[in-house]
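Residue-level structure breakdown
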Amino acid sequence: MANVSHPRGDITSHPDAPEMRARYDRVLGGRDVVLVDGPVFLLGLYCAVSPWILHYTTSQPALVPHNLIIGIAICVLALGFTAAPARMYGLSGAMCALGVWMIISPWVVGTGPDAGVIWNNVVIGALTLLLGVMCVATAARSTPTRT
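In short, a report on the structure. (Residues numbered from 1 in each chain as written. Predicted model: local features only at pLDDT ≥ 70, side-chain atom pairs only at ≥ 80, totals over all residues. Heavy atoms only, no water.)

A separate point is the environment of Val 36. Assignment of secondary structure puts Val 36 in helix H2 (residues 34-53). For the pair Val 36 and Ala 78, spaced 42 residues apart in sequence, the C-alpha separation works out to 8.3 Å. Ignoring sequence-local partners within four residues, the contact set of Val 36 consists of Leu 131, Met 134 and Cys 135. (Helix = DSSP H or I, 4+ residues; strand = E, 2+ residues; numbered from the N terminus. Contact = heavy atoms within 4.5 Å.)

Listed below in structure tokens is the structure:
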């Protein structure tokens, strides 16, 4: 039977303490991008519904499914950043690519877009690019360097 009357020593002397400390640091270190998760999701949600909010479903029918699909992709990235940040850091650059695509998409996908459509996609693209750069910077900062 164990002697429970004797005060236990400090946990730092436990043989598994360094491994537990390293695991704890990894878990906490992977959540630096948490401040970006919410805005990325909201931006993707707005991108998906923006054709109906700005009423350009009839004037730019090609951009309606385009913005819906790109918005869903941005939302999926945001959910991935939230659910598995360590695995999703590699896709941070995809956010930047989606941002650049959104900036040029009114002229590539659309046909003679008006100023409202252009501004909508350029602002969404610029914000996506900015948040993507923030994700890339966070991933680069929190990824340990290998020697």
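What follows deals with unusual backbone geometry. Backbone geometry places His 55, a non-glycine residue, at a positive phi of 55°. Take His 55: it is sitting in the loop between H2 and helix H3 (63-83). What makes His 55 exposed here is its relative accessible area of 65%. (Buried < 20%, exposed > 50% of the residue type's maximum accessible area, 1.4 Å probe, protein only.)

What follows covers a nonpolar patch on the surface. A cluster of nonpolar side chains, Val 49, Trp 52, Ile 53, Leu 54, Leu 68, Ile 72 and Val 76, forms an exposed patch at the surface whose accessible area comes to about 600 Å². For the nonpolar patch, the elements supplying multiple residues, two or more each, are H2 and H3. Along the chain, Ile 72 turns up in helix H3. According to the relative accessible area criterion, Ile 72 is partly exposed, its value standing at 45%. (Patch = residues over 30% accessible without salt bridge, like charges linked within 9 Å, V, L, I, M, F, W, Y side chains within 5 Å. Areas by Shrake-Rupley, 256 points an atom, 1.4 Å probe, with all protein chains shown as cover. Salt bridge = Lys/Arg side-chain N within 4 Å of Asp/Glu carboxyl O.)

With that out of the way, let us pick up the side chain of Thr 128. Residue position: Thr 128 is located in helix H6 (residues 115-142). Other than its neighbours up to four places away in sequence, Thr 128 contacts Leu 43, Ile 74, Met 95, Leu 98 and Gly 99.

What follows concerns the environment of Phe 41. Relative to the assigned elements, Phe 41 resides in helix H2. For Phe 41, a relative accessible area of 31% translates into the label partly exposed. What Phe 41 contacts, discounting residues up to four positions off in sequence, is Cys 75, Ala 78 and Leu 79.

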